[in-house]
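# Observations on the three-dimensional arrangement
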Amino acid sequence: MANASASESPSGSGLHQDLHWLFARLKQGLATAETAAVREHGMTLWGYTVLVAVVEAPARTQLALAQAVSVDKSKLVLILDELEDAGLVRRRPDPADRRARIIEATPEGDRALKAARADIETIENQLLADLAPAVRTALQSALQHLVGEPIAKIEDGQPPETACAAAGPPSPA
């Protein structure tokens, strides 16, 4: 079966009116392009996401980091293992709680993140190139707004289904 592009479908089609499909298609396309970009800098997309959060708040504990990036705690450990093995982060005991670990970016992690971020920005600029600057700003503002209180309201306290969950059998319904 041929792979039809989104531009071949009428913009009034059911799929093009469905927010879930629109966001899923954008995520799929960005993930395809961005996975290759961040791989060149020694990380996965989840590794990139975690590294961004670590650089923003270096004293963050693993639990706080897992919550901030919407990833299961056990999956975060695997992501951090990969980042640590690549020399991009280090974990050290929290002086206030020796059971907790503080994650910090290494100088190599800072360099890799800056380079990966530049590549990601190039990809995002290519995606948004046909939008007028005001539309780009409005889109980003709207998305930033939606990932706050509006999405929390519709999740209604349930853990996000799209979060990076731990590997294992599906949970019973």
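Note that the structure is a prediction, hence the values are computed from the model and not measured.

Reading the values: the criteria
- Residues numbered from 1 in each chain as written.
- Predicted model: local features only at pLDDT ≥ 70, side-chain atom pairs only at ≥ 80, totals over all residues.
- Heavy atoms only, no water.
- Axes fitted to C-alpha atoms, helices over the stretch in contact; angles between N-to-C directions.
- Helix = DSSP H or I, 4+ residues; strand = E, 2+ residues; numbered from the N terminus.
- Parallel < 35°, antiparallel > 145°, perpendicular 65-115°, else oblique.
- Contact = heavy atoms within 4.5 Å.
- Nonpolar A, V, L, I, M, F, W, Y, C, P; charged D, E, K, R; others polar.
- Core = buried A, V, L, I, M, F, W, Y, C linked by side-chain atoms within 4.5 Å.
- Buried < 20%, exposed > 50% of the residue type's maximum accessible area, 1.4 Å probe, protein only.
- Pairing = 2+ DSSP bridges.
- Salt bridge = Lys/Arg side-chain N within 4 Å of Asp/Glu carboxyl O.
- Expected span 1.5 Å × (residues − 1).

With that settled, consider the packing of helix H2 (residues 45-56) against helix H4 (residues 73-85). Two quantities define a packed helix pair, namely the angle between the axes and the distance from one axis to the other. Here H2 crosses H4 at 90°, and the two axes come no closer than 10 Å. Classed by the angle they form, the pair H2 and H4 counts as roughly perpendicular. When H2 is examined against H4, the residues Trp46, Gly47, Val50 and Leu51 are found in contact with a partner set consisting of Leu76, Ile79, Leu80 and Leu83. Class assignment of the residues belonging to the contact of H2 with H4 gives a composition of seven nonpolar, one polar and no charged.

With that settled, consider the nonpolar core. Among the nonpolar cores identified, the biggest contains 23 residues, and Met43, Tyr48, Val50, Leu65, Leu76, Leu80 and Leu83 are the most heavily contacted of them. For this core, the leading source of residues is H2, giving five residues. Once residues lying within four places of it in the same chain are set aside, the contact partners of leucine 80 are Val50, Gln62, Leu65, Val89, Arg91 and Ile103.

Let us now look at the pairing of strand S1 (residues 89-94). In this sheet, strand S2 (residues 97-105) lies alongside S1 in antiparallel orientation, the contact comprising six bridges. Across the sheet, residue aspartate 94 finds its bridge partner in S2, namely aspartate 97. Taken together, S1 and the strand that follows it, S2, pair antiparallel across an intervening segment of two residues.

The final tally for this structure, using the stated rule, is eight salt bridges. Between aspartate 81 and arginine 91 there is a salt bridge, and its shortest N-O distance comes to 2.4 Å. Here aspartate 81 is found in helix H4, whereas its partner arginine 91 is found in strand S1, with ten residues between them in sequence. Residue classification places aspartate 81 among the partly exposed residues on the basis of a relative accessible area of 29%. Between glutamate 108 and arginine 111 there is a salt bridge whose closest N-O contact spans 3.1 Å. Of this pair, glutamate 108 and arginine 111 both sit in helix H5 (residues 107-128), three residues apart, roughly one helical turn. Glutamate 108 sits in the partly exposed class, given a relative accessible area of 37%. Three or more residues joined by partner-sharing salt bridges are found here, namely Asp81, Glu84 and Arg91.

Here H2 spans 17 Å end to end across twelve residues, near enough to the 16 Å set by a 1.5 Å rise per residue. Against helix H1 (19-39), helix H3 (62-69), H4, S1, S2 and H5 lie the buried residues of H2.

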